[in-house]
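This is what each chain is made of:
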Amino acid sequence: SQTIHQWPATLVQPVGSPLSLECTVEGTSNPNLYWYRQAAGRGLQLLFYSVGIGQISSEVPQNLSASRPQDRQFILSSKKLLLSDSGFYLCAWIVRGYNEQFFGPGTRLTVL
Amino acid sequence: AQSVAQPEDQVNVAEGNPLTVKCTYSVSGNPYLFWYVQYPNRGLQFLLKYITGDNLVKGSYGFEAEFNKSQTSFHLKKPSALVSDSALYFCAVRPHSGNTPLVFGKGTRLSVIA
């Protein structure tokens, strides 16, 4: 069966520090991968998605970047965090030929 | 461009009563429609989907949703609410054609009161 992992589960970082969040999918190959941010327990904002290794589409220009170094690995990064980067970050995936997205457990990021 | 509207930020219902969480959508062509549930500090869990066929879709935990093409709606329903159904519910859409990401509504918080 397919599973998706995100780490760390929680993170507290000072303003101006770098960020690296990792998402890994198991049990499937060649998935579409997505990074969302959720602020204040409400709506989801799509940040990036990827249809293959090295292929990244950015939905909202901001202080973040994404990379896909391997088929089942998706990384969200920042060189210098802002207070506004605080939120709940969710990774999701779709298997080709299927329709529903499946979500990871999320990472709670607090920037102080 | 596709969009989803969830007109209610909050829905309150007494335990045992029927519940409805509303969703309307806008998409070019035929839609794929989805409902997800989120419990505090957790990822979203898939509840049900409409792809094609019967307009009434049954999903997990006794939830169902009815696709209404003329009203462009996909309301989530349950005949008898449980306190454990209290959570944040998201409706999502994407068109049949292409490989575009899901577009989510802003979410509706459901509170079931004992």
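Residues numbered from 1 in each chain as written. Chains lettered and ligands numbered in written order. Predicted model: local features only at pLDDT ≥ 70, side-chain atom pairs only at ≥ 80, totals over all residues. Heavy atoms only, no water.

A. Spotlight on the environment of Ala114 of chain B. Residue and element names in this part refer to chain B. With respect to the helices and strands, the residue Ala114 is situated in the segment after β12 (108–113). Spatially, the C-alpha atoms of Ala114 and Leu82 are 8.1 Å apart, while their sequence positions differ by 32 residues. Sequence-distant contacts of Ala114, defined by excluding residues within four places in its chain, comprise Glu15 and Val83. (Helix = DSSP H or I, 4+ residues; strand = E, 2+ residues; numbered from the N terminus. Contact = heavy atoms within 4.5 Å.)

B. Region of interest: the nonpolar core. Residues and elements named next belong to chain B. Counting 27 residues, the largest nonpolar core has Trp35, Leu47, Leu48, Phe74, Leu76 and Tyr89 as its most contacted members. When residues of this core are traced back to their parent elements, those giving at least two are β2 (10–14), β3 (19–21), β5 (31–38), β6 (44–50), β8 (64–68), β9 (73–78), β10 (87–95) and β12. Take this core: its biggest share by element is 4 residues, from β10. (Core = buried A, V, L, I, M, F, W, Y, C linked by side-chain atoms within 4.5 Å. Buried < 20%, exposed > 50% of the residue type's maximum accessible area, 1.4 Å probe, protein only.)

C. Quick look at the environment of Ser67 of chain A. All names here are of chain A. In this structure, Ser67 sits in strand β7 (residues 65–70). Taking the C-alpha atoms as reference, Ser67 lies 17 Å from Pro8; in sequence the two are 59 residues apart. The contacts of Ser67, once residues within four sequence positions are left out, are Ile56, Gln73, Phe74 and Ile75.

D. Molecular detail of the packing of aromatic side chains. One pass over the structure, following the stated rule, counts 15 aromatic pairs over all chains. With a centroid separation of 5.9 Å and an interplanar angle of 70°, the aromatic rings of Tyr36 of chain B and Phe46 of chain B are classed as edge-to-face. Of the two residues, Tyr36 of chain B sits in strand β5 while Phe46 of chain B sits in strand β6, which places them 10 residues apart along the sequence. Three or more aromatic residues joined by ring pairs form one cluster here, namely Tyr34, Tyr36, Tyr49, Trp93, Phe102 and Phe103 of chain A together with Tyr36, Phe46, Phe90 and Phe104 of chain B. (Phe/Tyr/Trp six-rings, centres within 6.5 Å; stacked < 30°, edge-to-face > 60°.)

E. Just the pairing of β5 of chain B, in detail. Residues and elements named next belong to chain B. Most of β5 is tucked away, with 8 of its 8 residues classed as buried. Burial along β5 is two-sided: Pro31, Leu33, Trp35 and Val37 and Tyr32, Phe34, Tyr36 and Gln38, pointing in opposite directions, are all buried. Across 8 bridges, the pairing between β5 and β10 is antiparallel. Residue pairing across strands places Phe34 opposite Ala92, the latter belonging to β10. Where β5 meets β6, 6 bridges bridge the pair, whose relative direction is antiparallel. Bridge assignment links Gln38 to a residue of β6, and that residue is Leu44. Linking β5 back to β6 in an antiparallel pair, the connection comprises 5 residues, with Asn41 at a positive phi of about 55°. (Pairing = 2+ DSSP bridges.)

F. View of the state of the cysteines. Residue and element names in this part refer to chain A. Using the criterion set out here, one finds 2 disulfides over all chains in the structure. Each sulfur of the disulfide joining Cys23 and Cys91 lies 2.0 Å from the other. In this structure the cystine formed by Cys23 and Cys91 twists about its S-S bond by roughly -75°; its chirality is therefore left-handed. Residue Cys23 is located in strand β3 (residues 19–26), and its partner Cys91 is located in strand β9 (residues 87–94); the two are separated by 68 residues in the primary sequence. Relative accessible area serves as the criterion here: at 1%, Cys23 is assigned to the buried category. (Disulfide = S-S within 2.5 Å.)

G. Structural context of the sheet that holds strand β8 (residues 73–78) of chain A. All names here are of chain A. The strand order across the open sheet formed by 4 strands is β1-β3-β8-β7, and the pairing between neighbours is antiparallel. Edge positions in the open sheet fall to β1 (3–7) and β7, since each of these has one partner strand only. Averaged over neighbouring strand pairs, the angle between their axes works out to 20° when direction is ignored. As paired elements, β3 and β8 share 6 bridges and run antiparallel to each other. For Ser20, the partnering residue across the bridge sits in β8 and is Ser77. (Axes fitted to C-alpha atoms, helices over the stretch in contact; angles between N-to-C directions.)

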